[in-house]
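Next come the chains, spelled out residue by residue.
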Amino acid sequence: MIYNSRYVFPNCYKYKKEISQIKNINRLFAFPNIPTFDNEALVILDSGAFALSQSKKKMTSKYMFELSEYYHKYSKEYNNILCISPDVFKNPFASINNIKKWRHYNLYKNITPVLQNSQSLLIDKDELIYQVDFYTSLGYKTLCYSIFSANGILHKQQNIEEVFLYAKEKGIEYIHCLGAGWSLEDIKVWLEIKGWDTMDSIAYYTTKNINEFGSLNPIKNIYSILNMLDLYN
């Protein structure tokens, strides 16, 4: 897996054109949005599970079939891509059941399962390691880790690094953190945690606090993040 920086920028529709003109940055697009590709940067295609949870909708079999077709279509156009599994936000065991259903239907094979915490602000390492064991037993080599409440400091304090390093020992080659890096300071803390490879957050374009990235303009924030990563990597 190739990545040009450790930050992935989810699509910001208001600045879609301007962002598409920035070369070689990692991008994330949620189903069913059409992705754009640029040279060797990483592109993540997300299942849309977060949006479903926000609207209190479930991931139906019909949705899975359409998601699988979406993955098939765009993975043929681009090599450096992660396609996220049909996970259930904040529900690790429902996510596992969805993987089982996905495999039963023989849908798109090269997906990346998502590790979920079931409780806010609590990193349950036993629960996460159970998920790592399950997904590696099925032969998956990439994982995502879903973050919905705890910042980098809490993750560092609760030793999420142990889970990441355990996953790498079990044969996982790449770990992406979904929803990490809420500010420049939060990114710095995550850089002190070993085992993960890339992170993403919509914070770069949703922030209401100028102190988080130095600006309220998403384009300026992209460059602030990239410049900071150059300094700390």
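What comes next concerns the included structure. (Residues numbered from 1 in each chain as written. Predicted model: local features only at pLDDT ≥ 70, side-chain atom pairs only at ≥ 80, totals over all residues. Heavy atoms only, no water.)

## Let's talk about the packing of aromatic side chains
Enumeration according to the criterion identifies 19 aromatic pairs in this entry. Judged by centre distance (6.3 Å) and plane angle (55°), the rings of tyrosine 71 and tryptophan 102 are tilted. Here tyrosine 71 is found in helix α3 (residues 61-75), whereas its partner tryptophan 102 is found in helix α4 (residues 92-104), with 31 residues between them in sequence. We classify tyrosine 71 as buried; its relative accessible area is 0%. With a centroid separation of 6.4 Å and 75° between ring planes, the pair formed by tyrosine 135 and tyrosine 140 is classed as edge-to-face. In this structure tyrosine 135 comes out as buried when scored by relative accessible area, which is 0%. These aromatic residues form a ring-pair network of at least three members: Phe31, Phe37, Tyr63, Tyr70, Tyr71, Tyr74, Tyr78, Trp102 and Tyr108. The lysine or arginine in question, arginine 6, covers the ring of tryptophan 196, its NZ or CZ lying 3.8 Å from the ring centre. (Phe/Tyr/Trp six-rings, centres within 6.5 Å; stacked < 30°, edge-to-face > 60°. Helix = DSSP H or I, 4+ residues; strand = E, 2+ residues; numbered from the N terminus. Buried < 20%, exposed > 50% of the residue type's maximum accessible area, 1.4 Å probe, protein only. Lys NZ or Arg CZ within 6 Å of the ring centre and 35° of its normal.)

## Focus on the environment of isoleucine 34
In this structure, isoleucine 34 sits in the loop between β2 (26-30) and β3 (43-46). Judged by its relative accessible area of 54%, isoleucine 34 falls in the exposed class. For the pair isoleucine 34 and tyrosine 70, spaced 36 residues apart in sequence, the C-alpha to C-alpha distance is 9.0 Å. With sequence-adjacent residues up to four places away left out, isoleucine 34 is seen in contact with Phe29 and Tyr74. (Contact = heavy atoms within 4.5 Å.)

## Points about the pattern of salt bridges
Once their charged atoms are close, side chains differing in charge can pair, the charge on each being opposite to the other. For the structure shown, the criterion picks out six salt bridges. The residue lysine 62 makes a salt bridge to glutamate 66 at a minimum N-O spacing of 2.6 Å. Placement of both lysine 62 and glutamate 66 in helix α3 is noted, with a separation of four residues, approximately one turn of the helix. Of the residues examined, glutamate 66 reaches a relative accessible area of 33% and is grouped as partly exposed. Of the charged contacts in the structure, one is a salt bridge between lysine 168 and aspartate 197, with a shortest N-O distance of 3.2 Å. One end of the pair, lysine 168, is in helix α7 (residues 160-169); the other, aspartate 197, is in the loop between α8 (184-191) and β9 (198-200), with 29 residues separating them in the sequence. For lysine 168, a relative accessible area of 27% corresponds to the partly exposed category. (Salt bridge = Lys/Arg side-chain N within 4 Å of Asp/Glu carboxyl O.)

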